[in-house]
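Chains, contacts and geometry: an overview
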Amino acid sequence: MAYRFLMGSRGKIIFPLSGVIISTMALIMTLSLGEGGKRIIEKDLGAIGKNRILVGGDNLGSKDLDIVERLPFVEYAMFPQERIVENGNIFMGYSKKALKVLGINYLRENEVVLDKSQNGNKELGEVIYLQTGRDKRQFKIKGFYQEESPLETMKVGKRVVLGRESFGRIFGRKNYRSLVISFPQDEDGVEYIPLVLRELNRSRFSYDKVSILETPDVYKKVERIKSFVNRSLFILSFISLIVGGMGVFNLIGTSVKNRTSSIGIMRTMGMDKKTIKDIFLIEGLMVIVAGGLLGLILGLISSKVVGLILKIPPYFSVTYILGALITSMGVSLIFGVFPAKKAGNENIVESLKN
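Only a predicted model underlies this, so the values are computations on that prediction, with no experimental measurement involved.

**Describing the overall build of the protein chain**
If you tally the helices and strands in the protein chain, you get 12 helices and 10 strands. The proportion of buried residues among the 354 residues of the protein chain is 44%. The long-range fraction of contacts in the protein chain, counting pairs at least 24 apart against all pairs at least 6 apart in sequence, stands at 80%. Accessible surface, the protein chain as shown: approximately 19,300 Å² in total, 60% of it carbon and sulfur.

**Overview of a nonpolar patch on the surface**
On the surface, a cluster of nonpolar side chains totalling about 570 Å² of accessible area is made up of I297, L298, I301, V305, I309 and L310. Along the chain, the position of L310 falls in helix α10 (residues 273-310).

**Some words on the nonpolar core**
Core analysis: the biggest nonpolar cluster contains 33 residues, and V55, L162, L179, I181 and F183 have the highest contact counts within it. Counting residues per element, this core draws most heavily on helix α7 (residues 189-201), at five residues. The contacts of F183, once residues within four sequence positions are left out, are N51, I53, F73, V74, E75, G189, Y192 and V196. Of all hydrophobic cores here, the second largest spans 14 residues; its members include L54, Y76, M92 and A98.

**Things to note about the sheet that holds strand β3 (residues 83-86)**
Spatially, six strands are ordered β3-β4-β8-β5-β7-β6 in an open sheet, and the strand pairing comes out mixed. With one partner strand each, in any of the chains shown, β3 and β6 (127-132) form the two edges of the open sheet. Pairwise comparison of adjacent strand axes, ignoring direction, gives a mean angle of 40° for this sheet. Against the sheet, helix α6 (residues 164-171) touches β3, β4 (89-94), β6, β7 (135-145) and β8 (158-163), its axis set at about 105° to β8.

**Some remarks on the pairing of strand β5 (residues 111-115)**
Among the five residues in β5, five count as buried, and that is most of the element. Burial along β5 is two-sided: the residues E111, V113 and D115 and V112 and L114 are all buried. Bridging between β5 and β7 involves five bridges; their strand directions are parallel. Each residue of the ladder has a partner; that of D115, found in β7, is Y145. Examined bridge by bridge, β5 and β8 share two bridges and lie antiparallel to one another. Of the residues in β8, the one forming a bridge with V113 is V161.

**Re the confidence of the model for the protein chain**
For any part of a model where pLDDT is low, the fine detail of the predicted coordinates should not be relied upon. Taken residue by residue, the protein chain gives an average pLDDT of 75. The fraction at 70 or more is 63%. Throughout residues 347-354 the model reports pLDDT below 50, and contacts reaching past four residues in sequence, or to other chains, amount to 13 contacts.

**Regarding the pattern of salt bridges**
Under the definition given, this model contains eight salt bridges. A salt bridge links R204 to D64; the nearest nitrogen and oxygen atoms lie 2.3 Å apart. Of this pair, R204 sits in the loop between α7 and β10 (211-214) while D64 sits in helix α3 (residues 62-69), placing them 140 residues apart in sequence. An identical accessibility class is assigned to R204 and D64; each is buried. In this structure, the salt-bridge partner of K142 is E111, at a minimum N-O distance of 3.9 Å. Residue K142 is located in strand β7, and its partner E111 is located in strand β5; the two are separated by 31 residues in the primary sequence. Of the residues examined, K142 reaches a relative accessible area of 32% and is grouped as partly exposed. Residue E111 is classed as buried on the basis of its relative accessible area of 10%. Overlapping salt bridges bring together R198, E199 and R202 as one network.

**Quick word on α7**
Owing to its 3.6 residues per turn, the α-helix aligns residues three or four sequence positions apart on the same side. When the terminal C-alpha atoms of α7 are compared, their 18 Å separation across 13 residues agrees well with the 18 Å that a helix rising 1.5 Å per residue should span. Residue L195 marks the point of greatest curvature in α7, where the axis turns by about 25°. All of the buried residues along α7 are G189, Y192, I193, V196, L197, L200 and N201.

**Here's the deal with the environment of N110**
For N110, the position within the fold is in the loop between α4 (96-101) and β5. Exposure remark for N110: the relative accessible area of 22% places this residue in the partly exposed category. Those residues in contact with N110, other than ones at most four positions away along the chain, are R137, Q138, F139, K140, S166 and I170.

**Observations concerning the side chain of S95**
With respect to the helices, strands and loops of the structure, S95 is situated in the loop between β4 and α4. A distance of 2.6 Å separates polar atoms of two side chains, one belonging to S95 and the other to E69.

**Some points on the packing of aromatic side chains**
A complete count under the given rule lists seven aromatic pairs for this structure. Pairing F91 with F171 gives two aromatic rings, centres 5.3 Å apart and planes at 50°, and the pair type is tilted. Note that F91 is positioned in strand β4 and F171 in helix α6, a separation of 80 residues in sequence. For F91, a relative accessible area of 0% translates into the label buried.

What counts and how
- Residues numbered from 1 in each chain as written.
- Predicted model: local features only at pLDDT ≥ 70, side-chain atom pairs only at ≥ 80, totals over all residues.
- Heavy atoms only, no water.
- Helix = DSSP H or I, 4+ residues; strand = E, 2+ residues; numbered from the N terminus.
- Buried < 20%, exposed > 50% of the residue type's maximum accessible area, 1.4 Å probe, protein only.
- Contact = heavy atoms within 4.5 Å.
- Areas by Shrake-Rupley, 256 points an atom, 1.4 Å probe, with all protein chains shown as cover.
- Patch = residues over 30% accessible without salt bridge, like charges linked within 9 Å, V, L, I, M, F, W, Y side chains within 5 Å.
- Salt bridge = Lys/Arg side-chain N within 4 Å of Asp/Glu carboxyl O.
- Core = buried A, V, L, I, M, F, W, Y, C linked by side-chain atoms within 4.5 Å.
- Pairing = 2+ DSSP bridges.
- Axes fitted to C-alpha atoms, helices over the stretch in contact; angles between N-to-C directions.
- pLDDT = per-residue confidence, 0-100.
- Expected span 1.5 Å × (residues − 1).
- Bend = angle between axes of the 7 residues up to and from the residue.
- Polar contact = N/O pair within 3.5 Å; in protein donor to acceptor, adjacent residues only side chain to side chain.
- Phe/Tyr/Trp six-rings, centres within 6.5 Å; stacked < 30°, edge-to-face > 60°.

Here you go:
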């Protein structure tokens, strides 16, 4: 009977069906493109705003770096000036802890790590020759890494990572004026500033004190951007669900209003309230299921197309897709319960008058 009712008013189901399709489609697009966008933010903006501090002093060296890296809350430390550009190559010295971030445990003398985006034709273990000063030196490729910081990728030159010991021996640099200290992402770097400064200044004279030059303000701004994106996605998802739910609410409500006399006749024939309510609920459920499946297909296609236009690769997850489908259909069904319940409670005499 629900199917006959629905087919008898095919023109009236276009709006609610479209509402469910749009809500499901919008929810899938929001989740897939939103997750893809969040990953870009975490990769690009996160690379700019690492949870780091910058300290400065007149004479910083290996001893200071070792002191800092022995602290349990420090991820790694490095000297920003521990880099030299030679013949189109950017040589950088990394400590053992910094190398572990790249997935390399240790670099021996004349072993290097290269940025794989710049050296697609190179192979692990290959011997290469690079200009260092007036001479060419032989190096062995120990590994590859992917540079993620836009600030680094904008610099001209091929990135070559050396162990700190090798860098010092080759280029003769030992003393620096600043030190970058990186903390794990879930730690508050500002909280540890007094402890870091205390350890670095413990054996220094007053004229050679180390001071803080830069705090993780950029990192905190990036975290606020991520939070804003999450809130925006939630609002868009909520609006999509309301659109679909109101469509089903309107369908069942209009159906009840137009079939008041039919409800009265069914009641006089002995049909109970629950059966009448179930008829209208099933009618709404058929629209919800059809709209949900169509919205799912269109949502997947639209996410791909919009992703290509916006240069945001959508991230599809079975959990996200099923969650979006169930949520959209569930909310729409909840909106349909009230008018269906109202249909079952219609007064027989009043129904027959209409």
